[in-house]
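As a plain string of letters, each chain reads:
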Amino acid sequence: MPSSEPSSGYSVASESGRRSQTSPRSSESHRTLDNVRDEVAHGIALRAITKATIVDGAKISVYFTFSKKNDDVFLRRVAEIIRTRIFSRHLFAIGTTGTPSPTSSTNTNTLIITGADDDDVQRAVLLFSSKFLGRVASVTNHGNFLVAAVHDVGGSSYDCAALWDVLSKSVRAPLDPLSPPPGSRSIDQLVTAARARLQRVTPRQAWEILHDPTYPIPAFLVDIRPASQRARSGGIHGSLIIERNDLEWRFDPRSEARLAIADRYDLRIIVYCEDGHASSLAAAALHDVGSLNATDMVGGFEAWKAEGLSGQIKPPSTQSESGTWEALSQPSPLSD
């Protein structure tokens, strides 16, 4: 009888030990592939949330993972986890990169953009399509998230930077239409800044420079006004007619479209427009391409006329006289 108690105790202890040893294996054997994928999805969602930055009160993040089977379903699960973890305004882009999933019929990777605000997602759809021209095979819009099939997404640093830009611009708070954006300058400020770079000349000074046989460098008077304005107001005989949109190309010595005379950077280029405003911006643009002696004429053509300086040409009074005006398109010596 006494010998049976130890035996009984041993049996109980052994059974308990077996249960404690086999229960972890039993639990492990019940894990499925879906469990593993869900754990991975949670990990990706948390890493994307950790990477998030805040723009105008909204959290944004871009995260790429390797391509897997059923990318669409998997990334939807990641998006769902993100939405359950973040209750504030957010906009995330989650995509797969690398060799496309074997289930992909279009040889593309999957990208999901998800957010708390439908309008943010819709703005992201439009910006995303513009950034990835020719690479988007399909886009399915589900309101608060979109699913896109994209060729080679994540294959270059451009993709990541472009997506950050898309998200940032999509959540940016709308500006007051009457309030200038930060960093912008008014046209008056632009003109003032341009003139600070120039040694502007009056019409009389320009006339003297052009007629001084001892002036040390080549000097030219350049009319940048559009043809319609020249036809209406007239011009200065002998000035080069180079409209504003051609100016830099004609005077940059590095440009294949340059004038034959534009073979050096020290030319004295005196730009004029109708009233002396647009010419200041144009002369500053010539400084940007290296023509540091470029300047403009104070008051423009109106000031030249007011001075009564010679060389003025009146516009044609009739259509039949237009041939006279056409001669202005060719450079000619300045006449007195």
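Let me sum up the structure you'll find in this document. (Residues numbered from 1 in each chain as written. Predicted model: local features only at pLDDT ≥ 70, side-chain atom pairs only at ≥ 80, totals over all residues. Heavy atoms only, no water.)

## What to know about the packing of helix α4 (residues 118-131) against helix α5 (residues 157-171)
Thinking step 1. Where α4 contacts α5, the two axes come as close as 9 Å, and the packing angle between them is 145°. In this structure, the crossing between α4 and α5 has a hand that is right-handed. Together, D120, R123, A124, L127, F128 and K131 of α4 and Y158, A162, L163, D165, V166, K169, S170 and V171 of α5 make up the contact between the two elements.
Thinking step 2. Its residues assigned to classes, the contact of α4 with α5 comprises eight nonpolar, one polar and five charged. (Axes fitted to C-alpha atoms, helices over the stretch in contact; angles between N-to-C directions. Helix = DSSP H or I, 4+ residues; strand = E, 2+ residues; numbered from the N terminus. Left-handed = near helix turned anticlockwise from the far one by under 90°. Contact = heavy atoms within 4.5 Å. Nonpolar A, V, L, I, M, F, W, Y, C, P; charged D, E, K, R; others polar.)

## Notes on the nonpolar core
Thinking step 1. One finds L91, I113 and F128 to be the most contacted residues of the largest nonpolar core, which totals 22 residues.
Thinking step 2. Taken together, the elements giving at least two residues each to this core come down to β2 (58-66), β3 (90-97), β4 (109-115), α4, β6 (145-150) and α5.
Thinking step 3. For this core, the leading source of residues is α5, giving five residues.
Thinking step 4. Counting residues in each nonpolar core, the second largest holds 17 residues, with I44, A79, I82 and V147 among its members. (Core = buried A, V, L, I, M, F, W, Y, C linked by side-chain atoms within 4.5 Å. Buried < 20%, exposed > 50% of the residue type's maximum accessible area, 1.4 Å probe, protein only.)

## A closer look at the sheet that holds strand β1 (residues 53-55)
Thinking step 1. What the six strands build is an open sheet, ordered β1-β2-β3-β4-β6-β5; its pairing is mixed. Each edge of the open sheet is held by one strand with a lone partner, namely β1 and β5 (136-141). Adjacent strand axes in the sheet meet at a mean angle of 20° when their direction is disregarded.
Thinking step 2. Bridging between β3 and β4 involves five bridges; their strand directions are antiparallel. Residue pairing in the sheet places G95 in a bridge with L111 of β4. (Pairing = 2+ DSSP bridges.)

## Some thoughts on the sheet that holds strand β9 (residues 240-241)
Thinking step 1. Pairing in this open sheet of four strands is parallel, and the strands run β9-β7-β10-β11 from one edge to the other. What marks the edges here is a single partner per strand, and that holds for β9 and β11 (295-296).
Thinking step 2. Here strand β10 (residues 268-272) runs beside β11; their pairing, made up of two bridges, is parallel. Bridging from a neighbouring strand, V271 pairs with D296 of β11.
Thinking step 3. Contacting β7 (219-223) and β10, helix α7 (residues 203-211) runs over the sheet at an angle of about 135° to β7.

## Section: the pattern of salt bridges
Thinking step 1. The full count for this structure, using the stated rule, is 18 salt bridges.
Thinking step 2. In this structure, R77 engages E80 in a salt bridge whose closest nitrogen and oxygen atoms are separated by 3.1 Å. Of this pair, R77 and E80 both sit in helix α3 (residues 71-85), separated by three residues, roughly a single helical turn.
Thinking step 3. One salt bridge connects K131 with D165, and the closest N-O pair in it is separated by 2.8 Å. Pair noted here: K131 is in helix α4 and D165 is in helix α5, with a separation of 34 residues, a long-range link.
Thinking step 4. Looking at D165, the relative accessible area reads 22%, which means it is partly exposed.
Thinking step 5. One salt-bridge network, held together by shared partners, links D38, R77 and E80. (Salt bridge = Lys/Arg side-chain N within 4 Å of Asp/Glu carboxyl O.)

## So, the environment of E307
Thinking step 1. The topology assignment puts E307 in helix α11 (residues 300-307).
Thinking step 2. In the structure, E307 is positioned 105 residues away from T202 in sequence and 9.8 Å away in space, judged by C-alpha atoms.

## Concerning the pairing of β2
Thinking step 1. Bridge count for β1 against β2 is three bridges, and the pairing is antiparallel. Among the inter-strand pairings, T53 is bridged to a residue of β2, identified as I60.
Thinking step 2. Remark: two residues form the turn of the hairpin made by β1 and β2, two consecutive strands paired antiparallel; D56 in that turn has positive phi of roughly 50°.

## Some points on the environment of R258
Thinking step 1. One can find R258 in the loop between α9 (247-251) and β10.
Thinking step 2. It is 8.4 Å that separates the C-alpha atoms of R258 and E248, two residues lying 10 residues apart in sequence.
Thinking step 3. Contacts of R258, omitting those with residues within four sequence positions, involve W249, R250, D252, P253 and D263.
Thinking step 4. A polar atom in the side chain of R258 sits 3.5 Å from the backbone oxygen of P253.
Thinking step 5. There is a polar contact of 3.4 Å between the side chain of R258 and the backbone oxygen of A262. (Polar contact = N/O pair within 3.5 Å; in protein donor to acceptor, adjacent residues only side chain to side chain.)

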